[in-house]
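# Fold and geometry: a report
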Amino acid sequence: MKQLYQPTNQVRWCFIIFLFFNLTAFAQVEYEEPCGFVSEDINLHRPASSPCEPSPPYSGSIDPNVLATYPPVSYNLQIWINNRTDGTNEKDYTFEQIKGKIETLNQQFSLANICLSLVAIDTLNYSPTYGDPQDTNNHGLFQSWAVGQGHENVNALNLYVYQGHGRGSAGGTNANININSFLDDSGIIGHEVGHLFNLRHTHGSGGKQSATWRTPNCESVTRNPQDPAFNAFCKGDQVLDTNAVPDLRYEQQYEKIDSLIINHGYTFSQAELEVNTIIGYQFNAYLDPVTMAYIGDGEDCNGTPYTITPADATNLMAYADWKKMDHFSIGQAIRMREYIEDKPSKFNPITNTEGVDLMIANSLNDIGAEPDIHSNMILWRSPDIWVRNQADGFTIQENQNPEYDPNNPVYVYVKIRNKSCQDFVATPIDTLKLHWAKASTSSGWPTLWDGSTSNPTLGAPINAVNLPNIAAGESEIVEFEWYPPNPADFESISNDPWHFCLLARILSPQDPIL
């Protein structure tokens, strides 16, 4: 509670928000094996003699006009966090960090007009699945246990955040993802969500290979469909506007393996290759760490030098520097939308159909879910309402102790957040209404807030203002002028006559009160 222990010419306030909206709602470790993915592509098993053409449902298009024909889609997202049995977690997740990660995800997928709407965050306290980064048997264990215990939202994409080996995995028929890199500043989450939409690694298959490490992929550099060597729709990621690339992260390791096998007669089992038996190599050895330009001399299987750009090295589906991964190509975006169209049974159940969803946060932990279980019943410390004694609250978003002056107003600022994936276009009947009430332990709605009490008045509406337009995922601030009541009027009925509360209500038929 914002308690103002001030002389009697000042006022003490608490901020209460009633939320009325629709439910739609560390130390960096270098892991050797970052990702697991099961592709559904029939092209992986295409006979070598067959012509290389896109396999249904994919068109192979890289035309931005084709991409522009796809309407926005929104999917529910539920996050499950694995804690130890005692509730501890050394990564110390905060809701602000989680919401920030979702914003980054939505920026990455905006090219494909795909948006994720966070509907719930839950913690599951179970040490046997908690593990540690070196526990190679832990990968996927948390998800398997959680699903087995019924912790799976069939109407959402489920993101299982664990502490264990590997960075993440996705794919298959369920909309589930394992991730242990949720809080780091990498593109791993976007990478794994890309797999959910059946995007492949830009170099092709993800496992470590033998001396013929390029053969299972062997994408040719040429992008000319008339060239006999053309195979861009059959090899690599099967996308035309991402260049043929090796596994950029492990390229030097593969070279060393090749040298040992070809020049020295060494033999390795696939199991040995999978656990990095070769030492003395560097991750991303042939990428400039600043510009991400390719500085190697690699060739495709035909001996043609690679034409790798920084955009290829920073693609979200590449194996390179995880912290530099930040975008998809147009061809990848179209491929995702074509996959979505082809898999209605997978994506229709998790589609968010609630439309616009506005909120005013009760706390920093409030994600807009109803009921609000994340604010721990502390609903009077909103970060989205603040008072200023002068009209500077748009730039200075910090609360001041209001000073009572019958001749001069104070200024109240309210932040309205659009947590949905749909722009809010305001109409004249969309309003924000602000009320005040004398603080008490029984501030029931509406009696205490609507002006119906008297001698003295214990609460009343302050004003109603029109809501502004608010873009999806953004927020806007509204200003109110207010002449607060005289604390002296309450000295006979209260031991803290300067203690008041504010309540803000969003009134819009686009997001009606439940």
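Residues numbered from 1 in each chain as written. Predicted model: local features only at pLDDT ≥ 70, side-chain atom pairs only at ≥ 80, totals over all residues. Heavy atoms only, no water.

### Structural notes on the nonpolar core
Counting 49 residues, the largest nonpolar core has Tyr-75, Ile-79, Ile-114 and Phe-197 as its most contacted members. Elements represented by at least two residues in this core include exactly strand E3 (73-83), helix H2 (95-108), strand E4 (114-125), strand E5 (157-161), strand E7 (176-179), helix H4 (188-196) and helix H8 (330-342). Once you skip the residues sitting within four places of it in the chain, Phe-197 turns out to touch Tyr-75, Phe-109, Ile-114, Met-336, Tyr-339, Ile-340 and Phe-347. Ranked by size, the runner-up nonpolar core spans 26 residues in total, among them Val-414, Phe-490, Phe-500 and Leu-502. (Core = buried A, V, L, I, M, F, W, Y, C linked by side-chain atoms within 4.5 Å. Buried < 20%, exposed > 50% of the residue type's maximum accessible area, 1.4 Å probe, protein only. Helix = DSSP H or I, 4+ residues; strand = E, 2+ residues; numbered from the N terminus. Contact = heavy atoms within 4.5 Å.)

### Points about the state of the cysteines
Throughout the structure, instances matching the rule amount to 3 disulfides. Note that Cys-115 is cross-linked by a disulfide to Cys-421, the S-S spacing being 1.9 Å. Taking the sign of the S-S torsion, -75° for the link of Cys-115 and Cys-421, the bridge is left-handed. One end of the pair, Cys-115, is in strand E4; the other, Cys-421, is in the loop between strand E10 (410-418) and strand E11 (431-438), with 306 residues separating them in the sequence. (Disulfide = S-S within 2.5 Å.)

### Description of the side chain of His-499
One can find His-499 in strand E14 (residues 499-507). Residue classification places His-499 among the buried residues on the basis of a relative accessible area of 5%. A distance of 3.1 Å separates the side chain of His-499 from the side chain of Asp-496, its partner in a polar contact. (Polar contact = N/O pair within 3.5 Å; in protein donor to acceptor, adjacent residues only side chain to side chain.)

### Observations concerning H4
Within H4, 9 of the 9 residues are buried, which leaves it mostly tucked inside the rest of the structure. Once H4 ends, the next one or two residues include Asn-198, with phi positive near 65°.

### Some thoughts on the pattern of salt bridges
Across all of its chains, the model carries 6 salt bridges by this definition. For Lys-419, the salt bridge goes to Asp-357, with nearest N and O atoms at 3.4 Å. Taken together, the positions of Lys-419 in the loop between E10 and E11 and Asp-357 in the loop between helix H9 (344-347) and strand E8 (358-359) put the pair 62 residues apart, joining distant regions of the chain. For Lys-419, a relative accessible area of 16% gives the class buried. Taking relative accessible area as the criterion, Asp-357 reaches 0% and is therefore assigned buried. Here Arg-388 ties to Asp-392 by a salt bridge, and the two come within 2.8 Å at their closest N and O atoms. (Salt bridge = Lys/Arg side-chain N within 4 Å of Asp/Glu carboxyl O.)

### Observations regarding the confidence of the model for the protein
On average, the protein scores 82 in pLDDT, and the residues at 70 or more come to 79%. Low confidence marks residues 1-12, where pLDDT is under 50. Its contacts with residues over four positions away, or in another chain, come to 39 contacts. With pLDDT under 50 throughout, residues 16-33 is counted as low confidence; its partners more than four residues away or in other chains account for 94 contacts. (pLDDT = per-residue confidence, 0-100.)

### Let's talk about the environment of Asn-83
For Asn-83, the position within the fold is in strand E3. For Asn-83 and Gln-163, which are 80 residues apart along the polypeptide, the C-alpha to C-alpha distance reads 8.5 Å. If sequence neighbours within four positions are ignored, Asn-83 has contacts with Thr-88, Asn-89, Thr-123, Leu-124, Asn-125, Tyr-126, Ser-127 and Tyr-130.

### Quick look at unusual backbone geometry
In this chain, Trp-445 is followed by Pro-446 through a cis amide linkage whose omega measures 5°. By secondary structure assignment, the location of Pro-446 is in the loop between E11 and strand E12 (459-466). A cis geometry characterises the amide bond from Asn-455 onward to Pro-456, with omega recorded as -5°. You can see Pro-456 is positioned in the loop between E11 and E12. The residue Asn-198 is not glycine, and still its phi comes out positive at about 65°. Phi at Met-292 takes a positive value of approximately 60°, unusual for a residue other than glycine.

### Describing the packing of aromatic side chains
Counting across every chain of the model gives 18 aromatic pairs. An angle of 80° between the planes, with centres 5.9 Å apart, marks the rings of Phe-142 and Tyr-160 as edge-to-face. Here Phe-142, found in helix H3 (residues 141-148), pairs with Tyr-160, found in strand E5; they are 18 residues apart in sequence, far enough to count as distant. Residue Tyr-160 is classed as buried on the basis of its relative accessible area, which comes to 0%. With 6.4 Å between their ring centres and 80° between their planes, Trp-436 and Phe-490 make a pair best called edge-to-face. (Phe/Tyr/Trp six-rings, centres within 6.5 Å; stacked < 30°, edge-to-face > 60°.)

### Focus on the packing of H2 against H4
The geometry of H2 relative to H4 is characterised by a closest axis approach of 10 Å and an angle of 55° between their N-to-C directions. Classified by the angle their axes make, H2 and H4 are oblique. The two elements H2 and H4 cross, and the hand of that crossing is right-handed. Between H2, through Lys-101, Leu-105 and Gln-108, and H4, the contact on the second element is made entirely by Ile-189, Gly-190 and Val-193. For the contact of H2 with H4, the per-class residue count stands at 3 nonpolar, 2 polar and 1 charged. (Axes fitted to C-alpha atoms, helices over the stretch in contact; angles between N-to-C directions. Parallel < 35°, antiparallel > 145°, perpendicular 65-115°, else oblique. Left-handed = near helix turned anticlockwise from the far one by under 90°. Nonpolar A, V, L, I, M, F, W, Y, C, P; charged D, E, K, R; others polar.)

### Re H8
Given 3.6 residues per helical turn, the α-helix brings residues three or four places apart onto the same face. Taking 1.5 Å per residue, 13 residues should reach 18 Å; H8 reaches 18 Å between its end C-alpha atoms and fits that length. Across the 13 residues of H8, 10 count as buried, placing the element largely inside the fold. Where H8 is buried, its residues touch helix H1 (64-67), E3, E4, H4 and H9. (Expected span 1.5 Å × (residues − 1).)

### Digging into the environment of Gly-355
When you line up the elements, Gly-355 lands in the loop between H9 and E8. On the basis of relative accessible area, Gly-355 is assigned to the partly exposed category, the value being 22%. In this structure Gly-355 touches Ser-420 and Gln-422, once residues within four positions along its chain are discounted.

### Quick notes on the environment of Ile-396
In this structure, Ile-396 sits in the loop between strand E9 (385-388) and E10. Ile-396 sits 10 residues away from Trp-386 along the chain, and the two C-alpha atoms are 9.7 Å apart. Those residues in contact with Ile-396 that sit more than four places away from it in its chain are Trp-386 and Arg-388.

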